[in-house]
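# A structural walkthrough
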Amino acid sequence: INARDTVKIDGEFSGLITNLLNGAGESGNIEVETKSLSISNGAVLSTLTAGKGSAGNIELIGGTLSLDNSGFILTETLNKGDAGTIDLNFTDSILLSNSSIISSDVGVEAEGKGGSININTQDLRLIDSSQITSNVFGKGKGGNININASESVNLSSIDSNGGILTSTEAGASGDAGNIIVTTRNFNIKDDAIINARTFNDGNAGNITFNANNFTATNGGAVTTTTFSNGNAGDINLNINDRINLSG
């Protein structure tokens, strides 16, 4: 899809979806280029494989991206294949609000790799329990989450569910993905979380920040966690100017 001004996907049964439901091959890619892209009210943009092939890639290009009220961008493998890559390139801003989710998953009983989530923008903002996640529920390695925001990354939440998460779950096997955030100003507050975790013998991912200023206040947290035999990851803070931790 190439639209000069606006693409709006709205409503619970609305979406752009490519599926490989059985057999071999790959599900199709999704490519959207527009000035403003909005996904809201349960609408979904997704690629999925339930066959013996990989899910398609998702590439979105524009000025602004908004996900609101349970808007979803998803890629998942449910069989023997890899999840797709999610590439988001928006020159101005990306906003996730009201429990919206960007996710790459290796599903239960699946065997494959999670796709990476690559975000390039000026300002990234997650609010109201919204998430960017990469999860392993089956057998495989979780995808990495790479965020490059030239000006700022701001995370806040109404509970501890909101934030950026990589996980390898109980009953799964394989390492969780890494999280890398590069920005001028990083701010996390109000119980939002960045977490890399493992619930099995696989290792949790590492978390790396490259920033000028790092601020965590009012319950905002960055953690790596192990709940089983796997190792917790490292947290690396490469901060040029100031680190502020309070509340």
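Here's what I pulled together on the structure shown here. None of these values were measured; they are calculated from a predicted model.

Glancing now at the overall build of the protein. Scanning the protein from N- to C-terminus turns up 0 helices and 17 strands. The C-alpha atoms of the protein give a radius of gyration of 17 Å, which matches the 18 Å a tight globule of 247 residues would have. With 247 residues in all, the protein has 49% of them scored as buried. Here the protein displays about 10500 Å² of accessible surface, and carbon together with sulfur accounts for 42% of that area.

Judged by pairing direction, the sheet is parallel, and its 8 strands sit side by side in the order S2-S4-S6-S8-S10-S12-S14-S16 without closing on themselves. The sheet is open, and its two edges are formed by strand S2 (15-20) and strand S16 (221-226), each paired on a single side. Neighbouring strand axes in the sheet, compared pairwise and without regard to direction, differ in orientation by 5° on average. As paired elements, strand S12 (residues 163-168) and strand S14 (residues 193-198) share 6 bridges and run parallel to each other. The residue bridging Gly163 from the neighbouring strand is Ile193, located in S14.

This next bit is on the sheet that holds strand S11 (residues 145-155). Reading across from one edge, S1-S3-S5-S7-S9-S11-S13-S15-S17 is the order of the 9 strands in this open sheet, with parallel pairing throughout. Each edge of the open sheet is held by one strand with a lone partner, namely strand S1 (2-10) and strand S17 (235-246). Strand-to-strand, the axes of this sheet are offset by a mean angle of 15°, without reference to chain direction. One ladder, built from 10 bridges, connects strand S3 (residues 30-40) with strand S5 (residues 58-68); its direction is parallel. The partner of Glu31 across the bridge, within S5, is Glu59.

This paragraph deals with the side chain of Thr121. Along the chain, the position of Thr121 falls in strand S9 (residues 117-126). Judged by relative accessible area, which is 7%, Thr121 ranks as buried. Reaching out from Thr121, the side chain makes a polar contact with the backbone oxygen of Phe90 at a distance of 2.7 Å. If near-sequence neighbours (up to four positions away) are discounted, Thr121 is found in contact with Phe90, Thr91, Asp92, Ser93, Ile94, Asn148, Ala149 and Ser150.

Another point: unusual backbone geometry. The phi torsion at Asn41 lies on the positive side, around 55°, for a residue other than glycine. Accessibility expressed as a relative area gives 36% for Asn41, which makes it partly exposed. One non-glycine residue, Asp191, lies in positive phi territory at about 70°. Examined against the element boundaries, Asp191 turns out to sit in the loop between strand S13 (179-189) and S14.

Here we come to the side chain of Ser156. Structurally, Ser156 is set in the loop between S11 and S12. Taking the relative accessible area as the measure of exposure, Ser156 reaches 16% and is therefore buried.

This brings us to the nonpolar core. Of all hydrophobic cores here, the largest spans 43 residues; its most connected members are Ile73, Leu88 and Ile132. Every residue in contact with Leu88, bar those within four places of it in the chain, is listed here: Leu60, Leu65, Ile73, Ile94, Ile102, Asn118, Ile119 and Asn120.

Okay, the pattern of salt bridges next. Evaluated as defined, the whole model comprises 2 salt bridges. In this structure, Arg184 engages Glu151 in a salt bridge whose closest nitrogen and oxygen atoms are separated by 3.2 Å. Taken together, the residues Arg184 in strand S13 and Glu151 in strand S11 connect sequence positions 33 residues apart. With a shortest N-O distance of 3.7 Å, Arg197 and Glu169 are connected by a salt bridge. Note that Arg197 is positioned in strand S14 and Glu169 in the loop between S12 and S13, a separation of 28 residues in sequence. Taking relative accessible area as the criterion, Arg197 reaches 25% and is therefore assigned partly exposed. Classification of Glu169 as buried rests on a relative accessible area of 16%.

Taken as a whole and assessed by the stated rule, the structure comprises 4 aromatic pairs. Measuring from ring centre to ring centre gives 5.1 Å for Phe209 and Phe214, while their planes differ by 75°; the resulting arrangement is edge-to-face. Classification of Phe209 as buried rests on a relative accessible area of 1%. Of the aromatic side chains, those joined through ring pairs into one cluster are Phe186, Phe209 and Phe214.

The rules behind the values
- As a convention, each chain's residues are numbered from 1 in the sequence order in which they are written.
- pLDDT decides what is reported in this predicted model: residues at 70 or higher carry local features, side-chain atom pairs at 80 or more are listed and counted, and totals for whole chains, interfaces and linings draw on all residues regardless.
- In computing side-chain values, all of the structure's heavy atoms are included and hydrogens and water are not.
- We count a stretch as a helix when DSSP gives it H or I for four or more residues in a row; a strand needs E for two or more, and each element gets its number in order from the N terminus.
- When we talk radius of gyration, it's over C-alpha atoms, and the globule rule is simply 2.2 Å times the number of residues to the 0.38.
- Here the term buried applies to any residue with accessible area under 20% of the maximum for its type, exposed to any over 50%, and partly exposed to those in between, with areas from a 1.4 Å probe on protein chains only.
- Working definition of accessibility: Shrake-Rupley area with a 1.4 Å probe, residue cover restricted to the visible protein chains.
- When DSSP locates at least two bridges between a pair of strands, those strands are taken to pair.
- Axis lines are fitted through C-alpha atoms, for helices just across the contact stretch, and the angle between N-to-C directions can take any value from 0 to 180 degrees.
- Throughout this description, a polar contact denotes any pair of N or O atoms lying within 3.5 Å of each other; where both atoms belong to protein, one of them has to be capable of donating a hydrogen while the other can accept it, and for residues adjacent in sequence the pair is counted only when both atoms sit in side chains.
- In what follows, residue pairs with any heavy atoms lying within 4.5 Å of each other are defined as contacts.
- Within this scheme, the nonpolar core is defined by two criteria: the residues are buried Ala, Val, Leu, Ile, Met, Phe, Trp, Tyr or Cys, and they are joined through side-chain atoms within 4.5 Å.
- Think of a salt bridge as a Lys or Arg side-chain nitrogen and an Asp or Glu carboxyl oxygen that are within 4 Å of each other.
- Two rings belonging to Phe, Tyr or Trp (six-membered ring only in the last case) form a pair when the distance between their centres is within 6.5 Å. Interplanar angles under 30 degrees mark stacking, angles over 60 mark edge-to-face geometry, and anything in between is tilted.

This is a description of form; function is not addressed.
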